[in-house]
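A closer look at the structure
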Amino acid sequence: MRGKYLILGIILAVGVIIIGCEATKKAVSEVNAFPIADDIKLGKQVSDQIAADPKQFPILPEASNQQVYSYVKGIRDKILNTGKVKYKNTFKWELKIIDDDKTLNAFVTPGGYIYIYTGLIKFLDTEDQLAGVMGHEIAHADRRHSTRQMTKSGALGMLSKAVLGDQNAVGQVVNGLIGLKFSRSSEEEADKYSVSYLCSTNYKADGAAGFFVKMKGKGGAPPKFLSTHPVSTDRIKDIKLESRRLGCKGAGAGFGTYDRIKNLLK
Ligand SMILES: [Zn+2]
C-alpha cells in the first residue's frame, strides 16, 4: 500500500524546477478526468499538511517579512495579470516562502499553492530569473499537470483518496513534492508557458534560462540536488529560442531591487 501512495506522491508532485529526462518528447496529454474542484481540494490538503510540519517546512513569517513577501507576490501578480493564466480567478495562488537557505528549489501544489525556498531567492541574481522560475511553477498548476498525469496513469482511485483527506495519501503527496522527477513533456510545457507569461511583462522572457545557466555553473551542488535536477543544455536553448520565436522584448528588471530584497533575508 505504501508503494502505491509513493507512486501517487511522485506523480502528483508538480513543482520541482528541473527534471530527469526519462520520458519521450511527446506532448503531455490534455485529457483530464478530474474536475477542477479536485485540484483545489488536493492543493488545500497538501498546504495544510505543509503548515502542520514546520520542522520540514519552516515557513518564513509573513508579518515580520512584509517587504520580501510583497515583492515576491508582486512578481506572482504580474504573471497572473498577463491574461494568460486560465485559472487565475479559480485557483488559490497562495504564496509561502520556506526559510531554508540550503534548498535551491520551488514547488507548487495542484490548485496553485506556491512555495519558494529562501535558498533559491538568495541563489538567483535577478528578478527576471525568479519571475522565470515562478512562471514555470504557475504553469504546472494552471496546466493541471498532476491531475492530467494521474488521468494518464489510470490512478484515479488513489487521487480520490488524497482528495477525500486520507492523511497517509496526503503525506505521501507532500513528500513527493520534494526530490521529484517530473515528466519531460510537462517540464517542457511549463518552460514554454513561463516564456509566454513573461513575454507579456517587462521581464526578460527567458528568465528561467538564467536559473538553469546558473545551476550548470554551480560545481559544488549537493548530490541529492543533482540526482533530481540534471540541467540540460537543450532546455536552456529551448527557452531562449521560444523567447525569440515570440519576439519578446522585455528589457528586464535589473539588479538593484533584487539585491535589496536578498539583503533583507540575511
Ligand atoms: Zn517543473
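Residues numbered from 1 in each chain as written. Predicted model: local features only at pLDDT ≥ 70, side-chain atom pairs only at ≥ 80, totals over all residues. Heavy atoms only, no water.

What follows is about the overall build of the protein. Helices and strands together make up the secondary structure of the protein, namely 13 helices and three strands. When each of the 266 residues of the protein is scored for burial, the buried share is 53%. For the protein, the share of sequence-separated contacts (at least 6 apart) that also reach a separation of at least 24 residues comes to 80%. Split by element, the accessible area of the protein, about 11,400 Å² in all, is 54% carbon and sulfur. (Helix = DSSP H or I, 4+ residues; strand = E, 2+ residues; numbered from the N terminus. Buried < 20%, exposed > 50% of the residue type's maximum accessible area, 1.4 Å probe, protein only. Contact = heavy atoms within 4.5 Å. Areas by Shrake-Rupley, 256 points an atom, 1.4 Å probe, with all protein chains shown as cover.)

Linking two cysteines covalently through their sulfur atoms gives a disulfide. Applying the stated criterion across every chain yields a total of one disulfide. A sulfur-sulfur separation of 2.0 Å characterises the disulfide bridge that pairs Cys199 with Cys248. Because the sign of the S-S torsion sets the handedness, a value of about -110° for the bond joining Cys199 and Cys248 places this disulfide among the left-handed ones. Of this pair, Cys199 sits in helix α9 (residues 184-199) while Cys248 sits in the loop between α12 (233-245) and α13 (256-264), placing them 49 residues apart in sequence. Judged by its relative accessible area of 17%, Cys248 falls in the buried class. (Disulfide = S-S within 2.5 Å.)

The next point concerns the sheet that holds strand β3 (residues 114-117). Pairing in this open sheet of three strands is mixed, and the strands run β1-β3-β2 from one edge to the other. Since the sheet does not close on itself, it has two edges, and those belong to β1 (95-98) and β2 (106-108), each with one partner. Each adjacent strand pair in this sheet contributes to an overall mean axis angle of 15°, direction not counted. Judged from the four bridges that link them, β1 and β3 form a sheet pairing that is parallel. Each bridged residue has a counterpart across the sheet, and for Lys96 the counterpart in β3 is Tyr115. Together, β1 and β3 form the strand contacts of helix α3 (residues 66-80), whose direction differs from that of β1 by roughly 130°. Set on the sheet, helix α5 (residues 127-142) makes contact with β1, β2 and β3; between it and β2 the angle comes to about 25°. (Pairing = 2+ DSSP bridges. Axes fitted to C-alpha atoms, helices over the stretch in contact; angles between N-to-C directions.)

With that settled, consider the packing of aromatic side chains. Here a ring pair, both rings aromatic, is described through the centre-centre distance and the interplanar angle of the planes. Counted according to the given criterion, the structure contains nine aromatic pairs. Ring plane angle 65° and centroid distance 5.4 Å describe the contact between Phe211 and Phe212, whose orientation is recorded as edge-to-face. Given a relative accessible area of 0%, Phe211 falls into the buried group. Connected via pairs of aromatic rings, a cluster forms that spans Phe57, Phe107, Tyr115 and Tyr117. Positioned over the ring face of Tyr203 is Lys78, at 4.3 Å from the centre of the ring. If you follow Lys214 out to its NZ or CZ, it ends over the ring of Phe123, 5.0 Å from the centre. (Phe/Tyr/Trp six-rings, centres within 6.5 Å; stacked < 30°, edge-to-face > 60°. Lys NZ or Arg CZ within 6 Å of the ring centre and 35° of its normal.)

Our focus in this paragraph is the side chain of Arg143. Locating Arg143 in the fold gives a position in the loop between α5 and α6 (145-153). Excluding anything up to four places from it in sequence, Arg143 contacts Glu30, Arg148, Glu189 and Tyr193.

Let us look at the nonpolar core. Counting 47 residues, the largest nonpolar core has Val72, Ile116 and Leu130 as its most contacted members. Those residues in contact with Val72 that sit more than four places away from it in its chain are Leu95, Ile97, Ile116, Ile121, Leu130 and Met134. With eight residues, the next largest nonpolar core counts Ile50, Phe57, Phe107 and Tyr117 among its residues. (Core = buried A, V, L, I, M, F, W, Y, C linked by side-chain atoms within 4.5 Å.)

This brings us to unusual backbone geometry. Even without being glycine, Trp93 reaches a positive phi, approximately 55°. Note on placement: Trp93 falls in the loop between α3 and β1. One non-glycine residue, Arg144, adopts positive backbone phi at about 55°. Looking at where Arg144 falls in the secondary structure, it is placed in the loop between α5 and α6.

The N-to-C vectors of helix α10 (residues 207-217) and α12 enclose an angle of 155°; their axes lie 9 Å apart at closest approach. Considering the angle they form, α10 stands roughly antiparallel to α12. Note on packing geometry: the crossing formed by α10 with α12 is left-handed. Here Ala208, Ala209, Phe212, Val213 and Lys216 of α10 lie close against α12, whose contacting residues are Thr233, Arg235, Ile236, Ile239 and Lys240. Its residues assigned to classes, the contact of α10 with α12 comprises six nonpolar, one polar and three charged. (Parallel < 35°, antiparallel > 145°, perpendicular 65-115°, else oblique. Left-handed = near helix turned anticlockwise from the far one by under 90°. Nonpolar A, V, L, I, M, F, W, Y, C, P; charged D, E, K, R; others polar.)

These figures capture arrangement, not role.
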